[in-house]
Amino acid sequence: MKLLRIRRYLPIVAALATLIACPAFAQQGRPWLCRDKPVFSYDRAMEYQVTARPGRQWRIFFMQYSPDAAHDGFDIVNSRDIATRGDPATGNLAAGRYFAVALYRGSGGHWICPDYTHDDRDPKLGEVSNLCYGEDGPPCLVKLQVKPDHHLAMPPAR
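It is not clear to me how the overall build of the protein chain should be interpreted in this structure. Could you clarify?
Looking only at helices and strands, the protein chain features one helix and ten strands. Residues classed as buried in the protein chain amount to 33% of the 158 residues present. Counting only contacts in the protein chain whose residues sit at least 6 apart along the sequence, the fraction spanning at least 24 positions is 63%. For the protein chain, the accessible area works out to roughly 10,100 Å², and carbon and sulfur atoms hold 55% of it.

What exactly am I supposed to notice about the packing of aromatic side chains here?
For any pair of aromatic rings, the description consists of the separation of the ring centres together with the inter-plane angle of the planes. Overall, the coordinates contain six aromatic pairs when judged by the stated rule. An angle of 85° between the planes, with centres 6.5 Å apart, marks the rings of F40 and F62 as edge-to-face. You can see F40 sitting in strand β1 (residues 39–42) and its partner F62 sitting in strand β3 (residues 58–65), a full 22 residues away along the chain. Owing to a relative accessible area of 4%, F40 belongs among the buried residues under this scheme. F62 gets classed as buried once you look at its relative accessible area, which sits at 0%. Plain terms: the ring middles of Y65 and F74 are 5.5 Å apart, the flat faces sit at 75° to each other, and that makes the pair edge-to-face. Its relative accessible area of 8% is what places F74 among the buried residues. Three or more aromatic residues joined by ring pairs make a cluster, and in this case those are F40, Y48, F62 and Y98. A cation over an aromatic ring shows up here: R59 above the ring of F61, its NZ or CZ 5.8 Å from the ring centre.

What am I meant to see in the pairing of strand β9 (residues 129–134) here?
Within a regular beta strand, the side chains point alternately toward one face of the sheet and then the other, so they alternate between its two faces. For β9, a buried count of six out of six residues is recorded, marking the element as mostly surrounded by other parts of the structure. Burial along β9 is two-sided: S129, L131 and Y133 facing one way and N130, C132 and G134 facing the other are all buried.

Just to check I follow, could you spell out the state of the cysteines for this structure?
Covalent bonding between the sulfur atoms of two cysteines is what defines a disulfide. Here the structure, examined in full by the defined rule, presents two disulfides. What pairs with C132 in a disulfide is C140, and their sulfur atoms sit 1.7 Å apart. Here the disulfide of C132 and C140 is left-handed, its torsion about the S-S bond being about -105°. Its relative accessible area of 2% is what places C132 among the buried residues. Classification of C140 by relative accessible area gives buried; the value is 17%. Should the bonded cysteines of the protein chain be numbered as they appear in the sequence, the pairing reads 1-2, 3-4.

Please explain the pattern of salt bridges as it appears in this structure.
Pairing between side chains becomes possible if they bear opposite charge and their charged atoms approach one another. Scanning all chains against the criterion turns up two salt bridges. Ionic pairing is found between E135 and R56, a salt bridge with its closest N-O pair at 2.5 Å. Placement of the pair is E135 in the loop between β9 and β10 (142–148) and R56 in the loop between β2 (46–52) and β3, with a sequence separation of 79 residues. Overall, the relative accessible area of 18% leaves E135 in the buried class.

Scoring rules and cut-offs
Residues numbered from 1 in each chain as written. Predicted model: local features only at pLDDT ≥ 70, side-chain atom pairs only at ≥ 80, totals over all residues. Heavy atoms only, no water. Helix = DSSP H or I, 4+ residues; strand = E, 2+ residues; numbered from the N terminus. Buried < 20%, exposed > 50% of the residue type's maximum accessible area, 1.4 Å probe, protein only. Contact = heavy atoms within 4.5 Å. Areas by Shrake-Rupley, 256 points an atom, 1.4 Å probe, with all protein chains shown as cover. Phe/Tyr/Trp six-rings, centres within 6.5 Å; stacked < 30°, edge-to-face > 60°. Lys NZ or Arg CZ within 6 Å of the ring centre and 35° of its normal. Disulfide = S-S within 2.5 Å. Salt bridge = Lys/Arg side-chain N within 4 Å of Asp/Glu carboxyl O.

Next comes the structure, spelled out in structure tokens:
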């Protein structure tokens, strides 16, 4: 008899567990799901600087593609919050090919992919990438500039 009562409540417990878990998933960004994933690569170490205009909360994700990765072939190798006060966030990336996605927090705490990305890279200025992200289009609300890291870059072996 007790076993039948427990089995009766099992679907209710499972449904409650699912409902409780859903908000937790909403708090985590899933950049591999974004349609536009700008890509850049360089054969030496790089440094980046990312800034955001005041207003929304943004987070930048750097991913690399690997066929056996858990997230549709993408591994998140670096991510960080972007200050909304206009202070730049800086960091370093090892040599390689990266997909860079900036997500913003929408209502309800969900992370949202921007509808606008554009690369204004100027090789004459030594830029590896100069990406712009906007919610629905221009203006750029987040700017990501990637350059060779001259502090870590070693001359090519001969």
